[in-house]
Amino acid sequence: MASSMPVDDGWTVALYDGERSHDPLGTGVVVDTNLVLTCAHVACPENRPAPDLWVSFPKAGVDYYERRRVRQCLHDGWAEHRIDLALLELVEPVPAAVTPARLRCLPEHALLGRGWWAFGFPTNNVAGAGAEGTVTEVRGWGRVHLTNEPGTGVGKGFSGAALWSPDYEAVVGVVEHADSTGHGLALILGH
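*Asks:* I tried to follow the overall build of the protein on my own but got confused; where do I start?
*Replies:* On a plain count of helices and strands, the protein comes out with two helices and twelve strands. Secondary structure of the protein in N-to-C order comes out as β-β-β-α-β-β-α-β-β-β-β-β-β-β. Its C-alpha atoms give the protein principal-axis dimensions of roughly 40 × 35 × 30 Å. Scored against the burial criterion, the 191 residues of the protein give a buried share of 51%.

*Asks:* Is there a simple way to explain the pattern of salt bridges in this structure?
*Replies:* Close approach of charged atoms lets side chains of opposite charge pair. Under the defined criterion, the tally for this structure stands at seven salt bridges. Asp 52 is the partner of Arg 69 in a salt bridge, and the nearest nitrogen-oxygen pair spans 2.8 Å. Here the residue Arg 69 occupies a position in strand 5 (residues 67-76), and Asp 52 occupies one in the loop between helix 1 (40-43) and strand 4 (54-56), the gap between them amounting to 17 residues. The partly exposed category is assigned to Arg 69, whose relative accessible area is 36%. When its relative accessible area of 27% is taken as the criterion, Asp 52 is described as partly exposed. Salt-bridge contacts for Arg 143 lead to Glu 176; the nearest nitrogen and oxygen are separated by 2.6 Å. Of the two residues, Arg 143 is situated in strand 9 (residues 143-148) and Glu 176 in strand 11 (residues 170-178); the sequence distance between them amounts to 33 residues.

*Asks:* What is the right way to look at the sheet that holds strand 1 (residues 12-16) in this model?
*Replies:* The strands making up a sheet associate through backbone hydrogen bonding, with each pair oriented either parallel or antiparallel. Taken in spatial order, the six strands line up as 1-2-3-6-5-4 and close into a barrel, and their pairing is antiparallel. Each adjacent strand pair in this sheet contributes to an overall mean axis angle of 45 degrees, direction not counted. Pairing analysis gives four bridges linking strand 1 to strand 2 (residues 26-32), with the strands arranged antiparallel. Within strand 2, the position partnered with Ala 14 by the bridge is Thr 27.

*Asks:* I tried to follow the side chain of Ser 56 on my own but got confused; where do I start?
*Replies:* Along the polypeptide, Ser 56 turns up in strand 4. When its relative accessible area of 4% is taken as the criterion, Ser 56 is described as buried. When near neighbours in sequence (up to four residues on either side) are disregarded, Ser 56 contacts Thr 12, Val 13, Ala 14, Tyr 16, Tyr 64, Glu 66 and Arg 67.

*Asks:* Would you mind going over the environment of Val 171 with me for this structure?
*Replies:* Structurally, Val 171 is set in strand 11. Every residue in contact with Val 171, bar those within four places of it in the chain, is listed here: Trp 11, Val 29, Ala 101, Arg 102, Leu 103, Arg 104, Ala 162, Leu 163, Trp 164 and Leu 189.

*Asks:* What is the right way to look at the packing of aromatic side chains in this model?
*Replies:* When we look at a pair of aromatic rings, we describe it by the centre distance and by the angle of the planes. Within this structure, the stated rule accounts for four aromatic pairs. Ring centres of Tyr 64 and Tyr 65 lie 4.8 Å apart, and the angle between their planes is 85 degrees; this geometry places the pair in the edge-to-face category. The class of Tyr 65 is partly exposed, set by a relative accessible area of 28%. When the centroid spacing of 5.5 Å and the interplanar angle of 85 degrees are considered together, the rings of Phe 119 and Phe 121 count as edge-to-face.

*Asks:* Is there a simple way to think about the nonpolar core in this case?
*Replies:* Taken as a class, soluble globular proteins show a tendency for nonpolar side chains to be buried jointly. If you look at the biggest cluster of nonpolar residues, it comprises 35 residues, and the most contacted ones within it are Trp 11, Leu 15, Val 30, Phe 57 and Leu 88. Broken down by element, the residue count for this core peaks at four residues, all from strand 1. Beyond its immediate stretch of four places on either side in the chain, Val 30 contacts Trp 11, Val 13, Leu 35, Val 36, Phe 57, Val 94, Val 98, Pro 100 and Ala 101.

Criteria and thresholds
Sequence order sets the numbering: in each chain, residues are counted from 1 along the sequence as written. Predicted model: local features are reported for residues with pLDDT of at least 70 only, side-chain atom pairs are reported and counted for 80 or more only, and whole-chain, interface and lining totals are derived from all residues. As a rule here, side-chain values cover all heavy atoms of the structure and leave hydrogens and water aside. A run of DSSP states H or I qualifies as a helix once it reaches four residues; a run of E qualifies as a strand once it reaches two. Both are numbered from the N-terminal end. Exposure is judged per residue with a 1.4 Å probe applied to protein chains only, and the accessible area is read against the type maximum: over 50% gives exposed, under 20% gives buried, and values in between give partly exposed. One side-chain nitrogen of Lys or Arg within 4 Å of one carboxyl oxygen of Asp or Glu is enough to make a salt bridge. Here the rule is simple: two strands pair whenever DSSP picks up at least two bridges between them. Axis lines are fitted to C-alpha atoms, over the contacting stretch for helices. Their N-to-C directions set the angle, which ranges from 0 to 180 degrees. We call two residues in contact when some of their heavy atoms are within 4.5 Å. Think of it this way: a Phe, Tyr or Trp ring, Trp meaning its six-membered ring, pairs with another when their centres are within 6.5 Å, and the plane angle makes it stacked under 30 degrees, edge-to-face over 60, tilted otherwise. By nonpolar core we mean a set of buried residues, namely Ala, Val, Leu, Ile, Met, Phe, Trp, Tyr and Cys, connected to one another through side-chain atoms within 4.5 Å.

Function-wise, these values are silent; they only describe arrangement.
Have a look at this one:
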């Protein structure tokens, strides 16, 4: 299978529990100059924002420690509607090298049988890794099942990752959950 990754994914962020922390909590996607979308279970454990949350920009060609502090969680979907999404506002805008992701809201069925790509930070892999596969099933409440290609797959550290659709050339969802085989679930933005 040809790679389904985007040409430029500088909008990918790693989330940390401190300005100098080395182990990402998860990942997210820049959606505006000072806004990041991620999973609520990463950014707002126990239904409240992590006290010292920072984001870095590993795919934007900036310094490892060029990070931005999270000012607040503007929207915690889990606490409000049992949807595992959080919208984070940054204290400062993202670096100039970062362009917010192109988003596309689609019904779940529009992705069925189509390819997907995501980038996350598996345990003990600070450089991160990509995963790709096919959307194989529509699940309930705006979620789709992600089946991975051999040698790739989502896992711990992919929570909050942008779900990129090469067919639509846009971020169409957020990776929410992974199982032990590298398959996962994603919440679709159109839901």
